[in-house]
Amino acid sequence: MSNYLQKMYATLAGRVDTSIGHLVNTAMLGPCDKEHILKIAEDLRQALLEAEDLYLDADEAP
């Protein structure tokens with residue numbers, strides 16, 4: 001597996017795992033409000049964008 005794909009996978013898997021932890025903590029411990037859920041959603045969106053950038057960089061790499 002190329003270095004770019006390894007970075008992409010590690011970035012996405014790590015950030016998704018972190019976000020799942022935040023969701024569980026929010027649901028179990030609170031506060032479970034709109035602000036916290038939207039922050040977690042934005043973290044996931046940023047992880048996807050970062051993984052996409054790494055994927056596109058892999059296409060351009062020699």
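Residues numbered from 1 in each chain as written. Predicted model: local features only at pLDDT ≥ 70, side-chain atom pairs only at ≥ 80, totals over all residues. Heavy atoms only, no water.

A.B. asks: Got a minute to help me understand the packing of helix H1 (residues 3–29) against helix H2 (residues 34–60) in this structure?
C.D. replies: When two helices pack together, their arrangement is captured by the angle between the axes and the distance separating the axes. Where H1 meets H2, the closest approach of the two axes is 8 Å, and the angle between their N-to-C directions is 175°. Judged by the inter-axis angle, H1 sits roughly antiparallel to H2. A per-class count over the contact of H1 with H2 returns 15 nonpolar, 6 polar and 5 charged. (Axes fitted to C-alpha atoms, helices over the stretch in contact; angles between N-to-C directions. Helix = DSSP H or I, 4+ residues; strand = E, 2+ residues; numbered from the N terminus. Parallel < 35°, antiparallel > 145°, perpendicular 65-115°, else oblique. Nonpolar A, V, L, I, M, F, W, Y, C, P; charged D, E, K, R; others polar.)

A.B. asks: Looking at this model, I keep getting lost on the side chain of threonine 11. Mind explaining?
C.D. replies: Secondary-structure assignment places threonine 11 in helix H1. For threonine 11, a relative accessible area of 16% gives the class buried. Among residues more than four places away in sequence, those in contact with threonine 11 are Glu50 and Leu54. (Buried < 20%, exposed > 50% of the residue type's maximum accessible area, 1.4 Å probe, protein only. Contact = heavy atoms within 4.5 Å.)

A.B. asks: Just to check I follow, could you spell out the environment of tyrosine 55 for this structure?
C.D. replies: The residue tyrosine 55 is located in helix H2 in this model. With relative accessibility at 43%, the residue tyrosine 55 sits in the partly exposed group. Considered as a pair, tyrosine 55 and leucine 23 are 32 residues apart in the sequence and their alpha carbons are 27 Å apart. In this structure tyrosine 55 touches Leu5 and Met8, once residues within four positions along its chain are discounted.

A.B. asks: Honestly, the side chain of threonine 26 in this entry has me stumped. Any pointers?
C.D. replies: In this structure, threonine 26 sits in helix H1. The buried category is assigned to threonine 26, whose relative accessible area is 7%. Contact partners of threonine 26, with chain neighbours within four places excluded, come to Pro31, Cys32, His36, Ile37 and Ile40.

A.B. asks: How should the pattern of salt bridges be read in this particular structure?
C.D. replies: Where charged atoms of side chains with opposite charge meet at close range, the side chains can pair. Applying the stated criterion across every chain yields a total of 3 salt bridges. Glutamate 50 is the salt-bridge partner of arginine 15, the closest N and O atoms lying 2.7 Å from each other. Placement of arginine 15 in helix H1 and of glutamate 50 in helix H2 is noted, with a sequence separation of 35 residues between them. With a relative accessible area of 29%, arginine 15 lands in the partly exposed category. According to the relative accessible area criterion, glutamate 50 is partly exposed, its value standing at 35%. The closest approach of N and O atoms between glutamate 42 and arginine 45, which form a salt bridge, is 3.5 Å. Taken together, the residues span about one helical turn, with glutamate 42 and arginine 45 both in helix H2 at a distance of 3 residues. Assessed through its relative accessible area of 34%, glutamate 42 is described here as partly exposed. (Salt bridge = Lys/Arg side-chain N within 4 Å of Asp/Glu carboxyl O.)

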